[in-house]
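Structural overview
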Amino acid sequence: MNSGLLTTSPISIVKLDKSMLTINPYTHPSMLKALSLMLNTLEYSIVAKGVETQQQLDQCAELSLAGVQGFLLAKPMSTEHLEKRLEYLLNTV
């Protein structure tokens, strides 16, 4: 990540790759927390990509991320399917 780009680019949302949510030999357990704190301090909205487990979703909620996307919530779908799903959800609330 180029921190200079974060302060000079006209962006408001940063998407975190699913590798940031997965504990492996290449990620430090505190990395996501530190990155989230930095991005929130810079007033960016943070979206976590690749959320596949309840543990990852809980981790995102704990860090108060602005959004999540991944197979845990929904698989990729066509525009038509999404429209039908949203219509159904809106009519059942």
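Our structure's up above, just so we're on the same page.
The sections below set out a description of the structure shown in this document.

**Focus: the overall build of the protein chain**
Each helix and strand in the protein chain was counted, giving 4 helices and 3 strands. Put simply, the protein chain runs from its N terminus to its C terminus through helices and strands in the order α-β-α-β-α-β-α. Taking 93 residues into account, the globule formula puts the C-alpha radius of gyration at 12 Å, and the protein chain, at 15 Å, lies well above it. Each principal axis of the C-alpha atoms in the protein chain carries an extent, and together these give about 45 × 35 × 20 Å. The long-range share in the protein chain, meaning contacts at least 24 apart out of those at least 6 apart in sequence, stands at 47%. As presented, the protein chain carries roughly 7000 Å² of accessible surface, and 58% of it is formed by carbon and sulfur atoms. Averaging the locations of the 7 positively and 8 negatively charged side chains of the protein chain gives two centres separated by 5 Å.

**Comments concerning a nonpolar patch on the surface**
Judged by side-chain polarity, Leu82, Leu86, Tyr88, Leu89 and Leu90 come together as a nonpolar surface patch covering roughly 530 Å² of accessible area. The topology assignment puts Tyr88 in helix H4 (residues 79-92).

**A look at the side chain of Ser36**
Looking at the secondary structure, you find Ser36 in helix H2 (residues 31-41). Not counting residues up to four positions away in its chain, the partners in contact with Ser36 are Ile46, Leu63 and Leu65.

**A look at unusual backbone geometry**
At Glu43, a residue that is not glycine, the phi angle is positive and equals roughly 65 degrees. Counting through the fold element by element, Glu43 comes out in the loop between H2 and strand E2 (45-48). Phi is positive for Ser64, close to 55 degrees, though the residue is something other than glycine. Considering the arrangement of structural elements, one finds Ser64 in the loop between helix H3 (54-62) and strand E3 (67-68).

**A closer look at the sheet that holds strand E1 (residues 13-16)**
Strand order in the open sheet formed by 3 strands is E1-E2-E3, and the pairing between neighbours is parallel. Only two strands of the sheet have a single neighbouring strand rather than two, namely E1 and E3. Where E2 lies against E3, 2 bridges are found, and the strand directions are parallel. Considered in E3, the bridge of Val47 is made with Gly67. Each of E1 and E2 is contacted by H2, which is oriented at about 170 degrees to E1, the strand it contacts most.

Conventions adopted
- Residues numbered from 1 in each chain as written.
- Predicted model: local features only at pLDDT ≥ 70, side-chain atom pairs only at ≥ 80, totals over all residues.
- Heavy atoms only, no water.
- Helix = DSSP H or I, 4+ residues; strand = E, 2+ residues; numbered from the N terminus.
- Rg over C-alpha atoms; globule rule 2.2 N^0.38 Å.
- Contact = heavy atoms within 4.5 Å.
- Areas by Shrake-Rupley, 256 points an atom, 1.4 Å probe, with all protein chains shown as cover.
- Lys, Arg positive; Asp, Glu negative; His and termini not counted.
- Charge placed at Lys NZ, Arg CZ, Asp CG, Glu CD.
- Patch = residues over 30% accessible without salt bridge, like charges linked within 9 Å, V, L, I, M, F, W, Y side chains within 5 Å.
- Salt bridge = Lys/Arg side-chain N within 4 Å of Asp/Glu carboxyl O.
- Pairing = 2+ DSSP bridges.
- Axes fitted to C-alpha atoms, helices over the stretch in contact; angles between N-to-C directions.

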